[in-house]
Amino acid sequence: MRILFLVYHGFSEHSGISKKIHYQVKGLRENGHDVRLCYYGFAENGHRCRYIDDVILKDYGTGRLAAIRQRMSYGCIYNYCIRENIEFIYARSFMNASPWLTGLFKKLQRAGIHAVTEIPTYPYDSEFSPHIWKQPLRLIIDKWFRHSLYRYMDAMVTFSDAKEIFGQRTINISNGVDFDSIPIHHYHAPSDGSIHLIGVAEVHIWHGFDRLIAGIGEYYKNTQNPRQVYFHIVGGVHPHHRYKANQFHPGLQAIIDKYGIQDHIIFHGQLFGEELDEVFNMSCFAIGSLGRHRSGITIIKTLKNREYATRGLPFIYSEQDSDFDHQSYVLKASADETPIDIQQILDFINRFTMKPADIRKTVEHLSWKIQMQKVVEKIAV
């Protein structure tokens, strides 16, 4: 099948979202489909351009007018689909419903081209920041037009258990993994008996890492002869999140300072390759999301849970995830604002005996090849 994978933004070499999209495309191609990747970005000369597999499809020029044109002019995509006999479009929502995008998919449907849109998280309205002036406006426009836009889809692809989104039926899949890119965990236990925890994320309030930090603080405050526990945060932490208060916590650094645990919370920033593997291999337990309830989400199949399991680490999270809720290598946290019970994690680690390879085997069905083919099979082309 000829498939256009449509993305409304560009890529970053180190972005988890960018990697995920490329793995999805790889999964479709592994099933024998002819897949072209359409995305938007900047050329070397600064021009705003829409691309198909690194070849410029449309050059919008520079400046504010170019930025506006790329949000309103989708004729190049329609013409490409007609010219190349595209049969199916897999679009990834950028929370950008508009009358112009609606017009594109209306024309595509009339041309007999099937389409779905993936909603990365649902519901997503609370993820718009009220502090960034453009975001409330984007949300208003999206709310106005998303029902009319998705009327022209065959279905919505979701990692939730929702049966309908914005009036359209859903195809429920899991976030997948690319086994070729994720090495198996090789734990190197520290000689001093310390316990190292790892959380990998571009940190937002819904990750709830403040709950883990507060839990470590409470553990040292209330435990005689405590074991040495360290939390390694790998990924970007915006200064606003680290140093300023929000409706959920006074800032990560304020919690660290309150308990005097500066030596136990390590901010690595972004790590890749061997440097990332090194931190993973000194850690024996991973931290998933602990605050998804803050964004109104109770059921979600996060990519990070699957990556932890593919490496072969036990982990904790607080949402509902049917792929892992009953696995023996998972510790469930309550979906509230209480500090995480560190002693509970230590007790879990002390009795845990499952090998990394055995954990990895439990997620073999979550490969992107299998998950993406589920979508294709449910679209009658």
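Up top is the structure these notes are about.
Residue numbering note: each chain is counted from 1, following its sequence as written. Only residues with pLDDT of 70 or above have their local features reported here, since the model is predicted, and side-chain atom pairs are shown and tallied only from 80 upward, although totals for entire chains, interfaces and linings are computed over all residues. To get the side-chain values, all heavy atoms of the structure are used, and hydrogens and water are removed first.

## Digging into the sheet that holds strand E6 (residues 114-119)
Two modes of strand pairing occur in sheets, parallel and antiparallel, and in both the strands are linked by backbone hydrogen bonds. The strand order across the open sheet built from nine strands is E4-E3-E2-E1-E5-E6-E7-E9-E8, with neighbouring strands paired in mixed fashion. The two strands at the open ends of the sheet, each matched to only one other strand, are strand E4 (55-61) and strand E8 (164-165). Pairing analysis gives five bridges linking strand E5 (residues 88-92) to E6, with the strands arranged parallel. Bridge pairing in E6 places isoleucine 89 opposite alanine 115. Where helix H1 (residues 16-30) meets the sheet, it contacts strand E1 (2-7), strand E2 (34-42), E5 and E6, and its direction lies at approximately 160° from that of E2. On top of the sheet, helix H13 (residues 368-377) reaches E1, E5, E6, strand E7 (155-158) and strand E9 (168-172); it is set at about 125° to E5, its chief contact. Strand pairing is defined by DSSP finding a minimum of two bridges between the two strands. Helix and strand labels come from DSSP, where a helix needs a run of H or I of at least four residues and a strand needs a run of E of at least two; each type is numbered from the N terminus. The contact criterion used is simple: two residues touch if any of their non-hydrogen atoms lie within 4.5 Å. Only the stretch in contact is used when fitting a helix axis, every axis being a line fitted to C-alpha atoms; angles between N-to-C directions are given from 0 to 180 degrees.

## Some words on the pairing of E6
Note on classification: 1.4 Å probe, protein chains only; a residue is buried when its accessible area is under 20% of the maximum for its type, exposed when over 50%, partly exposed between these limits. With five of six residues buried, E6 lies mostly within the body of the structure. Between the parallel elements E5 and E6, the chain passes through helix H4 (residues 99-110) in a crossover that is right-handed. In this sheet, E7 lies alongside E6 in parallel orientation, the contact comprising four bridges. Looking at E7, one finds that valine 116 is bridged to alanine 155. Classification remark: right-handed applies to a crossover when, strands pointing away from the viewer, the course from the first strand over the helix to the second runs clockwise.

## Structural notes on the packing of helix H3 (residues 75-83) against H4
For the pair H3 and H4, interaxial distance at closest approach is 10 Å and the crossing angle is 15°. When the interaxial angle is binned, H3 and H4 end up roughly parallel. Crossing of H3 over H4 shows right-handed handedness. Counted together, Ile77, Tyr78 and Cys81 of H3 and Leu104, Lys107 and Leu108 of H4 form the full contact between these two elements. Among the residues making up the contact of H3 with H4, the classes are represented as five nonpolar, no polar and one charged. Any angle that is under 35 degrees is reported as roughly parallel, and any over 145 degrees as roughly antiparallel; angles of 65 to 115 degrees are reported as roughly perpendicular and all others as oblique. Crossing chirality is assigned from the near helix's rotation relative to the far helix, an anticlockwise turn below a right angle marking it left-handed and a clockwise turn marking it right-handed. Any residue outside Ala, Val, Leu, Ile, Met, Phe, Trp, Tyr, Cys, Pro, Asp, Glu, Lys and Arg is labelled polar, Gly included; the first ten of those are nonpolar and the last four are charged.

## Things to note about the environment of glutamine 253
Relative to the helices and strands, glutamine 253 is located in helix H8 (residues 252-259). Glutamine 253 has contacts with Arg242, Tyr243 and Phe267, leaving out every residue within four places of it along the chain.

## Some remarks on H3
Three or more residues of H3 are buried, namely Cys76, Ile77, Tyr78, Tyr80 and Cys81. At its buried positions, H3 is contacted by E1, E2, strand E3 (48-52), E4, E5 and H4. Positive backbone phi, approximately 55°, marks asparagine 85, located one or two places after H3.

## Examining empty space enclosed by the protein
Grid spacing is 1 Å over the protein atoms alone, the probe is 1.4 Å, and a cavity is where that probe fits but cannot get out, while a pocket is an open set with protein on both sides within 12 Å along at least five of seven lines and lining residues have an atom within 4 Å of a point. Grid points are joined across faces, edges and corners, and a volume is the space filled by probe spheres set on the points. If you walk through the whole model with that rule in mind, you get one cavity of 30 Å³ or more. Those elements giving two or more residues to the lining of the largest cavity turn out to be H4 and helix H5 (134-150). Of the residues contributing to the lining of the largest cavity, the split by class is seven nonpolar, three polar and no charged.

## Some details on the packing of helix H6 (residues 209-222) against H8
Between H6 and H8, the least distance of the axes is 9 Å, while the angle of their chain directions is 5°. By the angle between their axes, H6 is roughly parallel relative to H8. Together, Asp210, Ile213, Ala214, Gly217, Glu218 and Lys221 of H6 and Leu252, Ile255, Ile256 and Tyr259 of H8 make up the contact between the two elements. Along the lines of polarity and charge, the residues of the contact of H6 with H8 split into six nonpolar, one polar and three charged.

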